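# Structural overview for review
The lines below spell out each chain.
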Amino acid sequence: MPPRLPAVLTAAALAVTTAVLSPASPATADTTDISPPGANDWSCKPTAEHPEPVVLVHGTFETMAKNWPTLSPKLKSEGYCVFALNYGGNAMGPIAQSAEELKSFVGAVMGATGARKVDLVGHSQGGMMPRYYIKYLGGATQVDDLVGIVPSNHGTEGVIAPTPELESSENSACPACDEQQAGSEFLTDLNAKDETPAGPYYTVVTTRYDEVVTPYTSAFLDGSDREVTNITLQDRCPLNTIEHDQTPNDPVVHQWVLNALERKGPADPAFVPSCVA
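Residues numbered from 1 in each chain as written. Predicted model: local features only at pLDDT ≥ 70, side-chain atom pairs only at ≥ 80, totals over all residues. Heavy atoms only, no water.

The subject of this paragraph is the packing of aromatic side chains. What the rule picks out here adds up to six aromatic pairs. With a centroid separation of 4.9 Å and an interplanar angle of 55°, the aromatic rings of Tyr132 and Tyr136 are classed as tilted. With Tyr132 and Tyr136 both in helix α8 (residues 130–136), this residue pair falls four residues apart, about one helical turn. Residue Tyr136 is classed as partly exposed on the basis of its relative accessible area, which comes to 38%. Here Tyr132 and Phe186 contribute two aromatic rings whose centre-to-centre distance is 5.7 Å and whose plane-to-plane angle is 20°, an arrangement assigned as stacked. Of this pair, Tyr132 sits in helix α8 while Phe186 sits in helix α10 (residues 185–190), and the two are 54 residues apart along the sequence. Here Tyr132 matches Phe186 in class, with each residue buried. Ring-pair connections join several aromatic residues into one group, and the members of that group are Trp42, Phe83 and Phe105. (Phe/Tyr/Trp six-rings, centres within 6.5 Å; stacked < 30°, edge-to-face > 60°. Helix = DSSP H or I, 4+ residues; strand = E, 2+ residues; numbered from the N terminus. Buried < 20%, exposed > 50% of the residue type's maximum accessible area, 1.4 Å probe, protein only.)

Laid out in structure tokens, this is it:
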């Protein structure tokens, strides 16, 4: 088990990350329609090589444009039809309602492309929330791969709040913040019995330097090796010090995402990415 970051550093990093991630207010019409580069070409048709469109699902306090400026064009350049959405008022709303929004968006993508299934790639809450769609809203038959980048699958022992004023669980401005606390009623229900319902393949990519989802191992999912691959970046690239916020922009993360999407099953645990210092 690697040493934990010092408490002072962890708190400081969380404060900085919160300040960077947090909007002054929920998404407005000024940001809602801005797609990341390469995403939301509704005329795109999947190919035999890449039959599933990729849907990108952002994290808490984020927007699609802010979360996916590098991964979206990377996937597009590799020949994928790429789509992304904003949901839940910067993903601060109740997670079950956000999952309903994701279900509707996936339906629109499938209708436009003619695809029978999609692949989902999500960051933080965006890597966990789709599991509700899979478990309760019919997503198990519509999703081929779910790739979670530092997903909050078992919540965090830290604090998720857009501003210090919203740190109290008595404040309902950010229901998703409370629902992502370790041991919350929402996560207890989501993880009951089977964490990885049959149908999709599940890949989790995390980093030992995650200062938001703590401990970082809380991102991991239980399941058979055939269905689930849990990856810690530093097991292959020990000098990689990427933290929570920037993982979607990390070139090593991109390699793991592509490995998961390009093969039958989850990412290959034996895959050796090219490490970038």
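In the predicted model, the protein carries a mean pLDDT of 87, and 84% of its residues have values of at least 70. Segment residues 1–31 is flagged for pLDDT under 50; beyond a separation of four residues in sequence, or across chains, it makes 33 contacts in the model. (pLDDT = per-residue confidence, 0-100. Contact = heavy atoms within 4.5 Å.)

Now for the nonpolar core. Formed by 35 residues in total, the largest nonpolar core has its most connected members in Val55, Leu102, Val118, Leu120 and Tyr133. Among the elements of the structure, β1 (54–57), β2 (82–85), α6 (95–113), β3 (118–123), α8, β4 (143–149), α10 and β5 (201–206) are those that each provide at least two residues to this core. The leading source of residues in this core is α6, at seven residues. Setting aside anything within four residues of it in sequence, one finds Tyr133 in contact with Ala99, Leu102, Lys103, Val106, Leu120, Gly138, Gly139, Gln142 and Val143. Counting residues in hydrophobic clusters, the runner-up holds 27 residues, among them Ala39, Leu75, Val121 and Trp256. (Core = buried A, V, L, I, M, F, W, Y, C linked by side-chain atoms within 4.5 Å.)

Our focus in this paragraph is helix α11 (residues 251–262). Between its terminal C-alpha atoms α11 stretches 16 Å, which fits the 16 Å expected from twelve residues at 1.5 Å a residue. Of all twelve residues that make up α11, nine are buried, and the element is covered over most of its length. Taken together, the buried positions of α11 are occupied by Val252, Val253, His254, Trp256, Val257, Leu258, Asn259, Ala260 and Leu261. Buried residues along α11 sit against β1, α4 (71–77), β3, β4, β5 and β6 (228–232). (Expected span 1.5 Å × (residues − 1).)

Before going further, it helps to examine α6. For α6, which comprises 19 residues, the first-to-last C-alpha distance of 27 Å matches the rise-based estimate of 27 Å (1.5 Å per residue) to within 8%. When α6 is considered as a whole, its buried residues turn out to be Ile95, Ser98, Ala99, Leu102, Phe105, Val106, Val109, Met110 and Thr113. Looking down the long axis of α6, one finds its buried residues gathered within 140° of arc, a one-sided arrangement. Facing away from the buried side of α6 by more than 90 degrees, the exposed set consists of Gln97, Ser104 and Gly111. (Arc of directions from axis to C-beta.)

Further remarks concern the state of the cysteines. Overall, the coordinates contain three disulfides when judged by the stated rule. Between the sulfur atoms of Cys174 and its disulfide partner Cys177 the distance amounts to 2.0 Å. Taking the sign of the torsion about the S-S bond as the criterion, the disulfide between Cys174 and Cys177, at about 75°, is right-handed. For the pair Cys174 and Cys177, one class covers both residues: buried. Here Cys237 is linked by a disulfide to Cys275, with a sulfur-sulfur distance of 2.0 Å. Linking Cys237 and Cys275, the disulfide has an S-S dihedral of approximately -85° and is accordingly described as left-handed. Note that Cys237 is positioned in the loop between β6 and α11 and Cys275 in the segment after α11, a separation of 38 residues in sequence. The class for Cys275 is partly exposed, based on a relative accessible area of 42%. Sequential numbering of the bridged cysteines in the protein gives the disulfide pattern 1-2, 3-4, 5-6. (Disulfide = S-S within 2.5 Å.)

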